[in-house]
Amino acid sequence: MVAIPVPGPPRLHVIVGDEFLAEPGLAARLGGIAEVGGDRLALHLRARSTPAARLFAVALRFAGEARKSGTLLVVNDRLDVAIGVGAGGVQLREDSMGPAEARVVLEAVRTPGRPFLGRSIHSPEQAEALAGSEVDWLVLGSVYATASHPGGRPIGPGAVGAAAAVAGVPVLAIGGIGLASVPGLLALGAHGVVVKSGVWGDDHPPRAVTRYLEVLYSEV
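Let us look at the structure shown here. Quick caveat: nothing in here was measured; it's all calculated off a predicted structure.

1. Overview of the side chain of Asp18
By secondary structure assignment, the location of Asp18 is in helix α1 (residues 18-21). Here Asp18 occupies a buried position and makes no salt bridge, while the nearest side chain of opposite charge, Arg48, is found at 5.9 Å. The contacts of Asp18, once residues within four sequence positions are left out, are Arg46, Ala47, Arg48, Ser49 and Thr50.

2. Comments concerning helix α7 (residues 157-167)
Within α7, burial applies to Ala159, Val160, Gly161, Ala163 and Ala167. Where α7 is buried, its residues touch α6 (124-129), β7 (137-140), β8 (171-174) and α8 (182-187). Trailing α7 by a residue or two, Gly168 shows a phi angle of about 80°, which is positive.

3. Some thoughts on the packing of aromatic side chains
Summed over all chains, the structure comprises 2 aromatic pairs. Between Phe20 and Trp200, the ring centres sit 4.9 Å apart and the planes meet at 35°, which makes this aromatic pair tilted. Residue Phe20 is found in helix α1, and its partner Trp200 is found in helix α9 (residues 197-200); the two are separated by 180 residues along the sequence. Like Phe20, the residue Trp200 is buried in the burial classification. With a centroid separation of 5.5 Å and 35° between ring planes, the pair formed by Phe116 and Trp137 is classed as tilted. Of this pair, Phe116 sits in strand β6 (residues 116-121) while Trp137 sits in strand β7, and the two are 21 residues apart along the sequence. On the accessibility criterion, Phe116 (27% relative accessible area) is partly exposed. Relative accessible area serves as the criterion here: at 0%, Trp137 is assigned to the buried category.

4. A few points about the pattern of salt bridges
Between side chains of opposite charge, a pair can form when the charged atoms approach closely. Overall, the coordinates contain 13 salt bridges when judged by the stated rule. Here Lys68 makes a salt bridge to Glu65, at a shortest N to O gap of 3.4 Å. Here the residue Lys68 and the residue Glu65 both occupy positions in helix α3 (residues 52-69), the gap between them amounting to 3 residues, near one helical turn. By relative accessible area, Lys68 is classed as exposed at 67%.

5. Structural notes on the environment of Gly31
Take Gly31: it is sitting in helix α2 (residues 26-37). Linking Gly31 and Ala47, residues 16 residues apart in sequence, is a C-alpha distance of 19 Å. Beyond its immediate chain neighbours, meaning those up to four positions away, Gly31 contacts Phe62 and Glu65.

6. Observations regarding the environment of Ala129
Within the fold, Ala129 resides in helix α6. Classification of Ala129 as exposed rests on a relative accessible area of 64%. When the C-alpha positions of Ala129 and Val166 are compared, they lie 9.0 Å apart, and in sequence the two are 37 residues distant.

7. Topic: the side chain of Gln126
As for its position among the elements, Gln126 is in helix α6. Here the side chain of Gln126 touches His122 through a polar contact of 2.6 Å, landing on its backbone nitrogen. Gln126 has contacts with Glu94 and Ile121, leaving out every residue within four places of it along the chain.

Analysis parameters
- Residues numbered from 1 in each chain as written.
- Predicted model: local features only at pLDDT ≥ 70, side-chain atom pairs only at ≥ 80, totals over all residues.
- Heavy atoms only, no water.
- Helix = DSSP H or I, 4+ residues; strand = E, 2+ residues; numbered from the N terminus.
- Buried < 20%, exposed > 50% of the residue type's maximum accessible area, 1.4 Å probe, protein only.
- Lys, Arg positive; Asp, Glu negative; His and termini not counted.
- Salt bridge = Lys/Arg side-chain N within 4 Å of Asp/Glu carboxyl O.
- Contact = heavy atoms within 4.5 Å.
- Phe/Tyr/Trp six-rings, centres within 6.5 Å; stacked < 30°, edge-to-face > 60°.
- Polar contact = N/O pair within 3.5 Å; in protein donor to acceptor, adjacent residues only side chain to side chain.

Next comes the structure, spelled out in structure tokens:
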């Protein structure tokens, strides 16, 4: 396999959820996968129940490591935390403020550079509606059944291809994305994937990151 350059945002995005944000040694764990992922990796701090103070502390402690390794630090939904630590990106939920409003806030506080803006969606129709907006990527799912959304109805890989055809920006597939499903999703037009258990469920997360990257950034 030969590594190939890919324009746009990283192809591998890894979710760091509440269960990890509470860990005292989290910064070191994040540093381990940032070291192998470099600028081909984005780490999403996704706090649904974690207090803002704890989220800020984790993000601030890891921000320096992210800048050193080139890893993209993304804070989900919390624009204030992202601005405070100088994160490279913000992921907006479906019920967050709109991308245009978020961009106004980022420009008003004169954040360095131009932080990436991602948006979570659940259908190709939403991708089409957001075409031409301020987003830099769309996260679409759940593509397959996943333990994080028990009872949820997966939209299937076909929706990824349909969204990629109308979005005008990179589409990232999320939800039950195992390593074996990555080539098929790329063939359908996905720019990359967003994973959680695929990395953290491995007994050696840096090795799991390496395996995903080998598939996402290689060609035979």
